Amino acid sequence: MTASETPQSMTSAEDLRKRALELQLAEMERDQKIKDREATKHAEFVEDFFQKHIGDTERAVIKRLVMKAAADGKYEAMIYSFPSSLCTDSGRGINNNLPGWQNSLQGKAKEIYELFEAVAKPQGYGLKAAIINFPGGIPGDVGFFLTWEPPVD
């Protein structure tokens, strides 16, 4: 405090505590809005995943992803991703590369796998499934990678 300041001109400790509390509450409200928005997005994704089918738009996106990867000199493209929690085993089979991992698929993931088996595999494509992130150390999202690597002799 300088000689020209009086104790009355300082902000009280109580006012500072109130301001800090107001800031904390505003941050909590912001965080809750973000969580609510993410929960809504997740619920919409889950509904789409289980209730709708792979359409022409999604097939066109997959084709563009594959063509872009090939144009870039790559031999694979991630064509779809979804939360591992939507597998019947929460992604355990995919994470451990267990035989029969495809039996844990549901919804659109199962449909994409069946589409791969019927259309892409006979044309020489491969499909890899992998856990692509591990939030908190647990399997997060599954990525489906369409591959066209040359055969190894």
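Residues numbered from 1 in each chain as written. Predicted model: local features only at pLDDT ≥ 70, side-chain atom pairs only at ≥ 80, totals over all residues. Heavy atoms only, no water.

Chemist: So, the overall build of the protein: which residues are in play, and what are the values?
Modeler: Per the secondary structure count, the protein includes four helices and three strands. Along the protein, helices and strands appear, N-terminal first, in the series α-α-β-α-α-β-β. Taken over C-alpha atoms, the radius of gyration comes to 25 Å for the protein, far larger than the 15 Å a tight globule of 153 residues would show. Overall, the protein is about 85 × 35 × 30 Å in size when its C-alpha atoms are taken along their principal axes. In the protein, buried positions account for 24% of the 153 residues. Counted over contacts in the protein with a minimum sequence separation of 6, partners at least 24 positions apart contribute 57%. A total of about 11000 Å² of accessible surface is found on the protein, and carbon and sulfur atoms cover 54% of it. Counting 19 positive and 23 negative side-chain charges, the protein places the centres of these two groups 2 Å from one another. (Helix = DSSP H or I, 4+ residues; strand = E, 2+ residues; numbered from the N terminus. Rg over C-alpha atoms; globule rule 2.2 N^0.38 Å. Buried < 20%, exposed > 50% of the residue type's maximum accessible area, 1.4 Å probe, protein only. Contact = heavy atoms within 4.5 Å. Areas by Shrake-Rupley, 256 points an atom, 1.4 Å probe, with all protein chains shown as cover. Lys, Arg positive; Asp, Glu negative; His and termini not counted. Charge placed at Lys NZ, Arg CZ, Asp CG, Glu CD.)

Chemist: Before we move on, could you go through the sheet that holds strand β2 (residues 126–131) and cite the residues and values that matter?
Modeler: With antiparallel pairing, the three strands of this open sheet are ordered in space as β1-β3-β2. Sheet topology places β1 (76–83) and β2 at the edges, where each strand pairs with a single neighbour. Averaged over all pairs of adjacent strands, the angle between strand axes in this sheet comes to 25°, irrespective of strand direction. Judged from the six bridges that link them, β2 and strand β3 (residues 141–147) form a sheet pairing that is antiparallel. Across the sheet, residue Ala129 finds its bridge partner in β3, namely Phe144. Along the sheet face, helix α2 (residues 56–71) touches β1 and β3 and points at about 140° away from the line of β1. (Pairing = 2+ DSSP bridges. Axes fitted to C-alpha atoms, helices over the stretch in contact; angles between N-to-C directions.)

Chemist: Talk me through the nonpolar core; I want residue IDs and the actual numbers.
Modeler: Ile79, Phe82, Ile94, Leu105, Val142 and Phe144 are the most contacted members of the largest nonpolar core, which has 26 residues in total. Contributions of two or more residues to this core are made by α2, β1, α4 (107–120), β2 and β3. Here the element with the most residues in this core is α4; it accounts for five residues. (Core = buried A, V, L, I, M, F, W, Y, C linked by side-chain atoms within 4.5 Å.)

Chemist: Go over the layout of surface pockets, please, and point to the residues and values.
Modeler: Taken as a whole, the largest pocket holds about 400 Å³ of empty space. Residue lining of the largest pocket: 15 residues in total, with Ile62, Leu115, Val119, Ala120 and Leu146 positioned closest to the centre. At the level of elements, α2 and α4 are the ones that each hand at least two residues to the lining of the largest pocket. A breakdown of the residues in the lining of the largest pocket according to their chemical character gives twelve nonpolar, one polar and two charged. (1 Å grid on protein atoms, 1.4 Å probe; cavity = no way out; pocket = protein on both sides within 12 Å on 5 of 7 lines; lining within 4 Å. Points joined across faces, edges and corners; volume = space filled by probe spheres on them. Nonpolar A, V, L, I, M, F, W, Y, C, P; charged D, E, K, R; others polar.)

Chemist: Outline the environment of Leu98, supporting the account with residue identities and numerical values.
Modeler: Note that Leu98 resides in the loop between α3 (92–95) and α4. In this structure Leu98 touches Arg92 and Gly93, once residues within four positions along its chain are discounted.

Chemist: Describe the environment of Cys87, and please don't skip the residues or the numbers.
Modeler: By the element assignment, Cys87 lies in the loop between β1 and α3. On the basis of relative accessible area, Cys87 is assigned to the buried category, the value being 3%. Taking the C-alpha atoms as reference points, Cys87 and Trp101, separated by 14 residues in sequence, lie 9.3 Å from one another.

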